[in-house]
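Here is how the chains run, residue by residue.
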Amino acid sequence: MAADDASLVPAWLEPMLAKPDGGRLRTGPEWAYEYKLDGYRAAMRIAPDGTTVLTSRNNIDFTAEFADLAGVLAPALEGRAAYLDGEVVVYGEDGRIDFERMQERRGRYVRHQSGPKGLEFKDVPVRFLAFDLLQLGDRSLLALPYDERRRLLDELPMPDPYRVSVVRAVTFDELAADRRTPADFLAHAASAGYEGVVAKLRSSAYYPGQRPDSWLKHPLVRTQEAIICGWRPGQRSFTGTLGGLLLGAHDPATGDLVYIGDVGTGFSQASRADLRAQLEAIERRTHPFVTTPPREDIVRARWVEPRLVGEIVYRQFTRGGRVRHTAWRGLRHDKDPAEVLAPRPVPHDEATPPPAPAPSSPSAPEPAGQRITVQAGNRRLTLSNLDKVLYPATGFTKGEVINYYSRVAEVLLPHLAGRPVTFIRYPNGVDGQKWFEKNVPKGAPDWLRTVRVTATGGTIDHPLLDDLPGLVWAANMAALELHVPQWTVESGTRRPPDRLVFDLDPGPGTTIVDCSRVAERLHDVLVADGLTPYAKTSGSKGMQLYCGIHTEDPAAPSAYAKRLAQRLARETPETVTAVMAKAQRTGRVFIDWSQNNPAKTTVAPYSLRGRDRPTASTPVTWDEVAACRHVNHLTFTADEVLDRIEEHGDLLAGLFKDAAPLG
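Calculation rules
Residues numbered from 1 in each chain as written. Predicted model: local features only at pLDDT ≥ 70, side-chain atom pairs only at ≥ 80, totals over all residues. Heavy atoms only, no water. Phe/Tyr/Trp six-rings, centres within 6.5 Å; stacked < 30°, edge-to-face > 60°. Helix = DSSP H or I, 4+ residues; strand = E, 2+ residues; numbered from the N terminus. Buried < 20%, exposed > 50% of the residue type's maximum accessible area, 1.4 Å probe, protein only. Lys NZ or Arg CZ within 6 Å of the ring centre and 35° of its normal. Salt bridge = Lys/Arg side-chain N within 4 Å of Asp/Glu carboxyl O. Pairing = 2+ DSSP bridges. Contact = heavy atoms within 4.5 Å. Axes fitted to C-alpha atoms, helices over the stretch in contact; angles between N-to-C directions. Core = buried A, V, L, I, M, F, W, Y, C linked by side-chain atoms within 4.5 Å. Polar contact = N/O pair within 3.5 Å; in protein donor to acceptor, adjacent residues only side chain to side chain. Parallel < 35°, antiparallel > 145°, perpendicular 65-115°, else oblique. Left-handed = near helix turned anticlockwise from the far one by under 90°.

Another aspect to go through is the packing of aromatic side chains. Scanning all chains against the criterion turns up 12 aromatic pairs. Judged by centre distance (6.5 Å) and plane angle (45°), the rings of tyrosine 33 and phenylalanine 185 are tilted. In this pair, tyrosine 33 sits in strand S2 (residues 31–36) while phenylalanine 185 sits in helix H5 (residues 182–191), placing the two residues 152 residues apart along the sequence. For tyrosine 33, a relative accessible area of 0% corresponds to the buried category. Take phenylalanine 185: its relative accessible area is 0%, and that puts it in the buried class. A ring pair is formed by tyrosine 259 and phenylalanine 289, whose centres lie 5.6 Å apart and whose planes are at 70°; its orientation type is edge-to-face. Of this pair, tyrosine 259 sits in strand S14 (residues 257–263) while phenylalanine 289 sits in the loop between strand S15 (283–284) and strand S16 (302–304), and the two are 30 residues apart along the sequence. There is no split in this pair, since tyrosine 259 and phenylalanine 289 are both buried. Sitting over the face of the ring of phenylalanine 636, arginine 644 holds its NZ or CZ atom 4.3 Å from the ring centroid.

A few words on the pattern of salt bridges. Oppositely charged side chains are able to pair whenever their charged atoms sit close together. One pass over the structure, following the stated rule, counts 36 salt bridges. Of the charged contacts in the structure, one is a salt bridge between aspartate 38 and arginine 329, with a shortest N-O distance of 2.3 Å. Separated by 291 residues along the polypeptide, aspartate 38 in the loop between S2 and strand S3 (40–46) and arginine 329 in strand S20 (residues 327–331) bring together distant segments of the chain. Assessed through its relative accessible area of 18%, aspartate 38 is described here as buried. Each of the salt bridges in this network shares a partner with another, and the network as a whole consists of Asp38, Glu225, Glu311, Arg329 and Arg332.

This part takes up the sheet that holds S2. What the five strands build is an open sheet, ordered S1-S11-S10-S2-S9; its pairing is mixed. Each edge of the sheet is formed by a strand with only one pairing partner; in this case those strands are strand S1 (19–20) and strand S9 (169–171). Here strand S10 (residues 196–201) runs beside strand S11 (residues 215–219); their pairing, made up of five bridges, is antiparallel. Residue valine 197 lies in a different strand from S11, and its bridge partner there is histidine 218. The strands touched by helix H3 (residues 146–155) within the sheet are S2, S9, S10 and S11, with S2 carrying the most contacts at an inclination of about 55°.

What follows concerns unusual backbone geometry. Positive phi is not limited to glycine here, since arginine 179 has a value of about 60°. As for its position among the elements, arginine 179 is in the loop between helix H4 (172–177) and H5.

So, on to the nonpolar core. Among the nonpolar cores identified, the biggest contains 81 residues, and Tyr404, Tyr405, Leu465, Leu482, Leu500, Phe502 and Leu504 are the most heavily contacted of them. If you tally residues by element for this core, the top one is helix H7 (residues 398–416), at 10 residues. In this structure, phenylalanine 502 is in contact with Leu522, Leu526, Met543, Gln544, Leu545, Tyr560, Ala561, Leu564, Ile591 and Asp592, ignoring residues within four places of it in sequence. Within the second largest apolar cluster, 33 residues are counted, among which are Cys229, Phe267, Val309 and Val340.

The next subject is the pairing of strand S13 (residues 242–250). Counting buried residues along S13, eight of its nine residues qualify, which places the element largely inside the surrounding structure. Where strand S12 (residues 222–233) lies against S13, six bridges are found, and the strand directions are antiparallel. Pairing of isoleucine 227 across the sheet is with glycine 248, part of S13.

Let's shift gears to the side chain of arginine 425. When you line up the elements, arginine 425 lands in strand S25 (residues 422–425). We classify arginine 425 as buried; its relative accessible area is 13%. Among the polar contacts listed, one links the side chain of arginine 425 to the side chain of glutamate 437, at a separation of 2.8 Å.

Here the focus is helix H8 (residues 468–476). H8 sits mainly inside the fold: nine of its nine residues count as buried. All of the buried residues in H8 are Leu468, Pro469, Gly470, Leu471, Val472, Trp473, Ala474, Ala475 and Asn476. A side-chain oxygen of the first residue of H8 lies 3.0 Å from the backbone nitrogen of glycine 470; this N-cap is aspartate 467. One or two positions beyond H8, positive phi appears at alanine 478, with a value near 60°.

Right, let's talk about the packing of H7 against H8 for a bit. It is at 9 Å that the axes of H7 and H8 come closest, and there the two elements cross at 140°. The angle between H7 and H8 places the two elements in the oblique class. In this structure, H7 crosses over H8, and the sense of that crossing is right-handed. Note on element contacts: H8 touches H7 through Leu468, Leu471, Val472, Ala475 and Asn476, opposite Lys398, Val401, Ile402, Tyr405, Ser406, Ala409, Leu412, Leu413 and Leu416.

Attention now goes to the environment of proline 293. When you line up the elements, proline 293 lands in the loop between S15 and S16. Here the alpha-carbon distance between proline 293 and glutamate 481, two residues 188 residues apart in the chain, equals 38 Å. Setting aside its immediate chain neighbours within four residues, proline 293 contacts Tyr259, His287, Ile298 and Trp303.

Honestly, that's just the spatial picture; any functional story needs more than this.
If you want it as structure tokens, here you go:
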């Protein structure tokens, strides 16, 4: 390596994430187990000359904040580059990882950033705990199995284990040799104060940015963000300070601010005083919730404007919509109150209602086949058969479908607004009969907005889904797939197209990986033509590219898209076709330009698909498209989409803002 390259650190990779295990810790000789850590996920990237960069899971530079960790491993690497994946933690006086101390340390760092440089925190030392090795020297280790990556990681000398060390891992076979089980390892994790256990498939490669089934987390405690809506003055030994907080969150179905319980433990003396001072400055006379909390919960309560977000740990979320066995973790200045949603009950709670929109006054779950009335936005809807399984391969129910569409509504509705919707309904699940439905079905609520569209053979009364009640109503009909055209209606009149779409459909012998390569080529051409392309998966096998456009000619998008598709097909006829005929598609990606025809529709962003698993059409970044080397890299289920929205927001949000004239 040239001398001027010696200081280059390995390029940042989006970290691989663990998927919830659904309450079942996996067992068997194919699994290994690690402690689940309670700190900040971080990458430690080390250049051959020892230059060290610490980066958060969102690619935020942590190096200055955790300066004490820089350079620790350099002597052991002997001039080799390295990329370690791990977690930065702080320990408490009892020798356990202490997230609250980490939060306090971070708060001090943020407050002093504008002060003298080099500010140190010797009183709260940090430690980097590595659990994976992604690069050593010039060699990428991503494709190696977990066992081999861990072997290489364990062989690295640790010059200062008080600052950088390796998380303990143990295989199922090692536990069995000691006459122990994964459950014993979990029990030890609990007694040692860890957050839980992560089971990792020993044969698995490392998939940057993915949340595959090969890493499964089994938490011992749950964390929840909550909005501070009130507080109680302390009593007895806490007289004169804060005693506890009254907490709220937004109902995932309705968006209403609801009461979810309180927290009275986990505060330091300093945090009690600091919180009280902040809350006294934003007090109000009445509570901010949509309904009044139980009388016994609000004795001596003092209410505040719902502006501050904090984080709690809890053991249970009850069917009555309350967190139980709570403890305070600290304020979350990085979170907006509008982002905070109430948790979902899980199978280990004392009673588990189906994960559908909750009524404003929570009630017990409905028995199978019965009905439940819920409040969705400003409408009351009757839902039925919430426990009916619509995706048999995974057990995903109609209640979960409704819950998904309720939670994704904020980012989905702008992409449906003003567009006539065509449903694909699966009333008996994805293994049963399906049908397309363009006309508003009989029995539709009278408040549902509709639009009459002239089509070949007559007129169609399409539904318009532009609010939460309409979306929940459609989901209750098992309308899993939502398809819309590239134009909108206004006052009953069809407007010119405002979107250009390219549907990339992989033919036999090709996958979304091949679509990604074609998408990159299209991206460059579109940008050269002054357009801003956005990408999303189809939720099935392919993907779509969109551009926001201005045009008065309804035929212009199809003509433009056809020219572009034919150009790419001429340039690379062995990999691309612009012809729909099946005989032309083997080994090629079909660029379907015809979906710009005003009579055609495309699956909406965030729509579920009627496949074996509840996958969804998911907006993706161009970095993700470029990095796609396996079909799993761009396949996302409903739960993964919700996680992505929490992390990225709507990746298509700029589509219409970036609209440009179609040349």
